[in-house]
Amino acid sequence: MKHITHLRDLVPTSPASWGRENSLHLTLKFLGNVPADCLPNLSAAASRAVAQLKPFDISLTQTGAFPKSGSPRVLWIGIDDPTQQLARMQVRLEEECEREGFPKESRPFHPHLTVARLRKPSGTHLARSHEQLGFDALAVVVSELVVMRSELSNKGSNYTVMSRNGFL
């Protein structure tokens, strides 16, 4: 992604773990450790959550950092959901996962792509550069919900597709 490359070039000595283009993703629900024998139920919940959905558009739009106050730890690109289809899909996924015994998330849903995690609280300059650089809006078609496994390594997270749930 050009934005990440440009940002890395602007602040080359920043203490950040950068998102890789092939692993950028939008998390609708984070589950933590899930026993292997629960994966079929999780995949079934994801399939039910997208039943009757048709592909829809979202846009990657603004830049920002979490947390809003204090030292930034995560740099993100925000999601514009003009039809609210993404929000509805996320609610349906929460409901279907709860039916399978996975607890609902108590925090509100803030869709975003994580572009970097800051390893030290000294990332204020990088966060400011990220926000000032901005991001040209990019339209994206959402046409499937993927259940992913994430495994941490010393080179970052490794992602494995567990199931794909396409729309009509």
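Look up: the structure comes first, before these words.
Numbers given for residues are sequential positions, taken from 1 along each chain in its written order. Per-residue local features of the predicted model are confined to residues with pLDDT of at least 70, and side-chain atom pairs are confined, for both listing and counting, to 80 or more; whole-chain, interface and lining totals are unaffected and use all residues. Only hydrogens and water are set aside; all other atoms, that is, all heavy atoms of the structure, feed into the side-chain values.

Regarding the pattern of salt bridges
For step 1, the next point in the chain: Any Lys or Arg side-chain nitrogen located within 4 Å of an Asp or Glu carboxyl oxygen qualifies as a salt bridge. Summed over the entire model, instances satisfying the criterion amount to 8 salt bridges.
For step 2, the next point in the chain: For Glu 94, the salt bridge is made with Lys 29, and the minimal N-O distance between the two is 2.9 Å. Separated by 65 residues along the polypeptide, Glu 94 in helix α3 (residues 85-99) and Lys 29 in the loop between β1 (16-18) and α2 (39-50) bring together distant segments of the chain. Like Glu 94, the residue Lys 29 is buried in the burial classification.
For step 3, the next point in the chain: Shared partners join several salt bridges into a network, and the residues in it are Arg 48, Glu 96, Arg 99 and Glu 100. For helices the rule is a DSSP run of H or I covering at least 4 residues; for strands it is a run of E covering at least 2, with both sets numbered from the N terminus onward. Type-normalised accessible area, obtained with a 1.4 Å probe on protein chains alone, sets the label of each residue: buried when under 20%, exposed when over 50%, and partly exposed for intermediate values.

Side note on the side chain of Glu 96
For step 1, the next point in the chain: If you trace the backbone, Glu 96 turns up in helix α3.
For step 2, the next point in the chain: Here a residue-residue contact requires only that any non-hydrogen atoms of the pair lie within 4.5 Å. Each residue touching Glu 96, except ones within four places of it in the same chain, is listed here: Ala 45, Arg 48 and Ala 49.

Focus on a nonpolar patch on the surface
For step 1, the next point in the chain: On the surface, Met 148, Tyr 159 and Val 161 cluster together into a nonpolar patch covering about 240 Å² of accessible area.
For step 2, the next point in the chain: By relative accessible area, Met 148 is classed as partly exposed at 39%. Residues form patches when they are more than 30% accessible in relative terms and have no salt bridge. Like charges link within 9 Å. Nonpolar side chains (Val, Leu, Ile, Met, Phe, Trp, Tyr) link within 5 Å. Per-residue and other accessible areas follow the Shrake-Rupley method at a 1.4 Å probe size, with only the shown protein chains counted as cover for residues.

Considering the packing of aromatic side chains
For step 1, the next point in the chain: Stacked, tilted and edge-to-face are the three classes assigned to paired rings of Phe, Tyr and Trp, where Trp is represented by its six-membered ring and a pair needs centres within 6.5 Å; plane angles under 30 degrees give stacked, over 60 edge-to-face, the rest tilted. For the structure shown, the criterion picks out 2 aromatic pairs.
For step 2, the next point in the chain: An angle of 20° between the planes, with centres 6.0 Å apart, marks the rings of Phe 56 and Phe 167 as stacked. Separated by 111 residues along the polypeptide, Phe 56 in strand β2 (residues 56-66) and Phe 167 in the segment after β7 (156-166) bring together distant segments of the chain. Phe 167 carries the same exposure label as Phe 56, and that label is buried.

In short, shape yes, function no, at least from these values alone.
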